[in-house]
Structure formats: structure tokens, C-alpha cells
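One letter stands for each residue in the lines below.
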Amino acid sequence: MDSTCLVPTVKHGGGGVMDNDPNHTSRLCKGYMTKKESDGVLRQMTWPPQSPDLNPIKMFPFVLGFVAAFCLSTLVSLSRLYTGMHTVLDVICGVLIALLFIAVTFPVWDFMDQLIMTNPICPVFAVIAAFLLSYNYPRLDHYSTTRADTTVMLSAGAGTCVGVWIINRIGLTYVPSGEFPLGIPPITYPMLIQHVLRFVLGVTLLVIVRFIAKTLSLKALGSWYKVSTQDILVRQRLEIEVPYKFVTYLSIGVVATSMVPWLYYLVGL
């Protein structure tokens, strides 16, 4: 951003109008604008994102969001019943536990978000806790994919905690401006092309990262335990399955929430 381009506007009584673009709401950009305002170079204007005065939009209805979340949760629950992975009682108890967890933790969500993004201990704690929980998953008398599924979820969540901490340190944290619910901008061809490019670039990078992390972790574990990780039964062993899946999806979580947004920023997407 070249502040000299803003000076003529400021001289004529104008100012910098900030919309809800991630490039404008990042800590890096906000810090720059605040410094320039304190130096008297420009004046920031408080302006709602995607103002209806300039761009007629529709607000995202709460009911529609609730119905979408309910339908998605219902489909997931039914899929677990269909595959025989859980019973009806499992699903009911899971729903009740989730609702209780939301009710108890909701008042501290903002505090936890800030803590995860700023405290250097949080990424370390998230990785260690997720790995210990995965490795100490209740043992069964037969093999089940639930241990692997749990490891995938916990490691991806831990990777997300690490990624958001990294992206906050870089200064590219997206901070929505304005009151919720935010407006839905009209779909245009340039926007559609931009999001298709973001999708293709992001998915391609994640596929590459998954392949590299999985290959290297399996080779390292095979060398350590002196076994062939090409054998499916070997991959199902606790000391092989949990570490390689944990490393793989931890890497995906980190890259998806830090490297991919940073790459978008570099290429202007």
C-alpha cells in the first residue's frame, strides 16, 4: 500500500474506507492504517462492510443456517447408524453431550479464540494433548477404524490450533468488521473465478502435503520398527497407525490454516 496515493484524497477531506476484505482486516493492514492515521497521513472512516447504501444485499437468515447445520448433523448421525459404527443410543448421547458442551463453553469462546491465537503455549499443548488422547484410545479385542477416525479428527484440530497461531503471528488474521450477521455479497464472474482458483490451489497443495507427510512418516516408522509398512495389517498396529495418521493430518491442519491463506495473500487471491 502506497500512502502517497491516499494523500490527495485526504487533502480534499476524504479518508480510507475499509471494507470487509481479508487484506484490509488483517492485523498487518490495520496496524499500518492506524500508524498512518496517528501520523496525520490519512483518516479512517467507520463504514459497514458491503454497505446497503452502495450495494443492496441480503442478510444471511439465522433459520436457514440452523436448518443447514441440523440437516448436516442428522445426515452424519444417520450415516454412522447405517454403517453400523454406532447405535441409536450413541447418537442420542452424543447430541446431548454436544449441546451441553456448547451451553457450558459458549461464554468463553471469544476468550479461548484470543488465547489460541496469541499464547505460544496453546499450540504445544494442543499437539501433545491430541496425540496422547489418540494413542490412549480405548483398546478393543478386535480392530476398528474408530481409533483411526479419532486420530484424524484430533490431529486435524491440533493442526488448526497451530495454523491459526502461525497466521496470527504473520499478521494475516481475518477479523470481520461490522455487526453480525454479515452481508452476503452478490455473486459476480470475477468473484466466482477467484474462488475457483482458490479452491484448486488450496486442494492441490493439501493433496501434495498429505502425500509427502504420509510417505515420510510411514518410511520413518517402518525403519524404526523394522517392519514393512506396505502390509495393511502392519499399518493397523497401534504404534504405526496412530503416529502416521497423526503426523499426516496434523500437517494438513497446519497447512490449511496458515500456508494456504498466506499463499493466497502472496498471489493476490
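Since this is a predicted model, take the numbers as computed values, not measurements. (Residues numbered from 1 in each chain as written. Predicted model: local features only at pLDDT ≥ 70, side-chain atom pairs only at ≥ 80, totals over all residues. Heavy atoms only, no water.)

1. A closer look at the overall build of the chain
Next up, step 1: Within the chain, the regular secondary structure consists of 11 helices and four strands.
Next up, step 2: Counting every position in the chain, which comprises 269 residues, the buried fraction comes to 26%.
Next up, step 3: Considering only contacts in the chain between residues 6 or more positions apart, those separated by 24 or more positions represent 76%. (Helix = DSSP H or I, 4+ residues; strand = E, 2+ residues; numbered from the N terminus. Buried < 20%, exposed > 50% of the residue type's maximum accessible area, 1.4 Å probe, protein only. Contact = heavy atoms within 4.5 Å.)

2. As for helix α7 (residues 121-135)
Next up, step 1: Between its first and last C-alpha, α7 extends 21 Å over 15 residues, near the 21 Å set by a 1.5 Å rise per residue.
Next up, step 2: For α7, every residue scored as buried is listed here: C122, P123, A126, A130 and S134. End-on, the buried residues of α7 take up no more than an arc of 100°, which puts them together on one face. In α7, the exposed positions that point more than 90 degrees away from the buried face belong to I121 and F125.
Next up, step 3: For α7, the elements touching its buried residues are α6 (109-118), α8 (146-170) and α11 (238-267). (Expected span 1.5 Å × (residues − 1). Arc of directions from axis to C-beta.)

3. Let's talk about α8
Next up, step 1: Here α8 contains 25 residues, and its C-alpha end-to-end distance of 36 Å stays within 8% of the 36 Å for a straight helix at 1.5 Å per residue.
Next up, step 2: All buried positions along α8 are accounted for by T146, R147, A148, T150, T151, S155, A158, G159, V162, G163, I167 and N168.
Next up, step 3: Among the residues trailing α8, G171 stands out with phi positive, at a value near 100°.

4. A word on the pattern of salt bridges
Next up, step 1: Going through the model one piece at a time under the given rule, you end up with two salt bridges.
Next up, step 2: The salt bridge involving E241 is made with R147; its shortest N-O contact spans 2.8 Å. With E241 in helix α11 and R147 in helix α8, this pair connects stretches of sequence that are 94 residues apart. As far as the burial class goes, E241 and R147 line up, both buried.
Next up, step 3: E239 is paired through a salt bridge with R237; the nearest N and O atoms lie 2.6 Å apart.
Next up, step 4: When its relative accessible area of 32% is taken as the criterion, R237 is described as partly exposed. (Salt bridge = Lys/Arg side-chain N within 4 Å of Asp/Glu carboxyl O.)

5. Details of the state of the cysteines
Next up, step 1: Per the counting criterion, the structure on display carries zero disulfides.
Next up, step 2: Among the cysteines around C161, which has no disulfide bond, C122 carries the closest sulfur, lying 7.7 Å off. (Disulfide = S-S within 2.5 Å.)

6. Examining the packing of helix α9 (residues 189-225) against α11
Next up, step 1: Between α9 and α11, whose axes approach to 8 Å, the crossing angle comes to 150°. Between α9 and α11, the angle is such that the two are roughly antiparallel. Seen along the crossing, α9 lies across α11 with a hand that is right-handed.
Next up, step 2: The residue inventory of the contact of α9 with α11, partitioned by class, reads 22 nonpolar, four polar and four charged. (Axes fitted to C-alpha atoms, helices over the stretch in contact; angles between N-to-C directions. Parallel < 35°, antiparallel > 145°, perpendicular 65-115°, else oblique. Left-handed = near helix turned anticlockwise from the far one by under 90°. Nonpolar A, V, L, I, M, F, W, Y, C, P; charged D, E, K, R; others polar.)

7. Quick look at the UniProt feature "transmembrane region" (unreviewed entry) in the chain
Next up, step 1: Residues annotated in UniProt with the feature "transmembrane region" (unreviewed entry) correspond here to residues 59-76, 88-109, 115-138, 150-172, 192-213 and 246-267.
Next up, step 2: Its end C-alpha atoms 30 Å apart, residues 115-138 is made of 79% helix and 0% strand. (UniProt positions renumbered as here; feature names shortened; annotations may be inferred.)

8. Overview of unusual backbone geometry
Next up, step 1: Positioned with a positive phi, K226 is a non-glycine residue whose angle comes to about 60°.
Next up, step 2: For K226, a relative accessible area of 71% gives the class exposed.

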